[in-house]
Amino acid sequence: MMAANAQDLPFSNEISDINKQIDSLEQEIHERYKQGKNNDLYNDEQYRQIYFAGLAKQKALLRNNITMLEAIIETSKTKLQWIETLRNYYSTTPIDTLFSHSDSTSLKVHKQILEKRYPKVMDELQILLECSEALKKKYDEEQIQTCLQKCQRVRECPTKEYLEGLLSLYKDINDEVALWLLDKDYSLYSMAIEIAYINDNFGIDLEFDFPYLANKIRGTVQKKMKEEPQKK
């Protein structure tokens, strides 16, 4: 894990400046002591306390400020360590594993946290997630083609191959569902036959791979069942 650099931590310069002020105050106290030690009043304890009270109070306040800022720095170190852990996670984890544990919202937040130094694999991961989301929505030829073009910027991996295959099939499966809808035999049996036919002939799992189309078939059957008069 990359160690936190001093220049990356907040208030480091401020602490250095406060320490210089404390050194200056201690020097001033020393000079006052030398100037006042020959004064008869200096032998009086109460007088000495009053004489140096302002400087002592100012010195105490500065030390309190340092304590507070050091606490903030420790918190910042922990934050920086977490950020480096996050960066290392994206840099070293295989893209297929990243995809299986990612979603668009968390990826966006993590890119914002890592700022300009985010690992570029996150751009590829974003493309894969966009492709996955497109398969969950109504068929859109332009969107599908855009996704396929973006996939060219992603390294070769099983996830890319899988999504490209589904994107290429989407139009054919969408057309098949449209034909089934024209038949208007919206029975449970017809639904089961249609889903089995699509799964067998296209080598996919309609429910998992194309949830929008699966829901469309299922919703159509459910709607017809509600509209039919219940048999007594």
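On a predicted model such as this, the values are computed, not experimentally measured, just so you know. (Residues numbered from 1 in each chain as written. Predicted model: local features only at pLDDT ≥ 70, side-chain atom pairs only at ≥ 80, totals over all residues. Heavy atoms only, no water.)

### Observations regarding helix α8 (residues 188–202)
Argument step 1. The end-to-end C-alpha distance of α8, which contains 15 residues, comes to 21 Å, matching closely the 21 Å that a straight helix rising 1.5 Å per residue would cover.
Argument step 2. Every buried residue of α8 is listed here: Ser-190, Met-191, Glu-194, Ile-195 and Ile-198. When α8 is viewed along its axis, its buried side chains cluster within an angular range of 130 degrees and face the same direction. Away from the buried face of α8 by more than 90 degrees, exposed residues Leu-188, Tyr-189 and Asp-200 are located.
Argument step 3. Buried-residue contacts for α8 involve α7 (158–183), α9 (206–209) and α10 (211–227).
Argument step 4. One or two positions beyond α8, positive phi appears at Gly-203, with a value near 65 degrees. (Helix = DSSP H or I, 4+ residues; strand = E, 2+ residues; numbered from the N terminus. Expected span 1.5 Å × (residues − 1). Buried < 20%, exposed > 50% of the residue type's maximum accessible area, 1.4 Å probe, protein only. Arc of directions from axis to C-beta. Contact = heavy atoms within 4.5 Å.)

### A few points about unusual backbone geometry
Argument step 1. At Glu-115, a position not held by glycine, the phi torsion is positive, near 55 degrees.
Argument step 2. Looking at the element boundaries, Glu-115 is found in the loop between α4 (104–114) and α5 (121–134).
Argument step 3. Notably, Lys-184 is not glycine yet its phi reads approximately 60 degrees, a positive angle.
Argument step 4. Its place among the elements puts Lys-184 in the loop between α7 and α8.

### Observations regarding a nonpolar patch on the surface
Argument step 1. There is a patch of nonpolar side chains on the surface, built from Trp-82, Val-109 and Ile-113 and spanning about 260 Å² of accessible area.
Argument step 2. Position of Ile-113 relative to the elements: it lies in helix α4.
Argument step 3. Using a relative accessible area of 30% as the deciding quantity, one classes Ile-113 as partly exposed. (Patch = residues over 30% accessible without salt bridge, like charges linked within 9 Å, V, L, I, M, F, W, Y side chains within 5 Å. Areas by Shrake-Rupley, 256 points an atom, 1.4 Å probe, with all protein chains shown as cover. Salt bridge = Lys/Arg side-chain N within 4 Å of Asp/Glu carboxyl O.)

### Things to note about the packing of aromatic side chains
Argument step 1. Considering all chains together, one arrives at four aromatic pairs under this definition.
Argument step 2. Where Trp-180 meets Tyr-186, the ring centres are 5.3 Å apart and the plane angle is 45 degrees; that geometry is what we call tilted.
Argument step 3. Residue Tyr-186 is classed as buried on the basis of its relative accessible area of 17%.
Argument step 4. Taken together through their ring pairs, the aromatic side chains of Tyr-139, Tyr-170 and Phe-210 make up a single cluster.
Argument step 5. Over the face of the ring belonging to Tyr-118 we find Lys-120, whose NZ or CZ atom lies 4.1 Å from the ring centre. (Phe/Tyr/Trp six-rings, centres within 6.5 Å; stacked < 30°, edge-to-face > 60°. Lys NZ or Arg CZ within 6 Å of the ring centre and 35° of its normal.)

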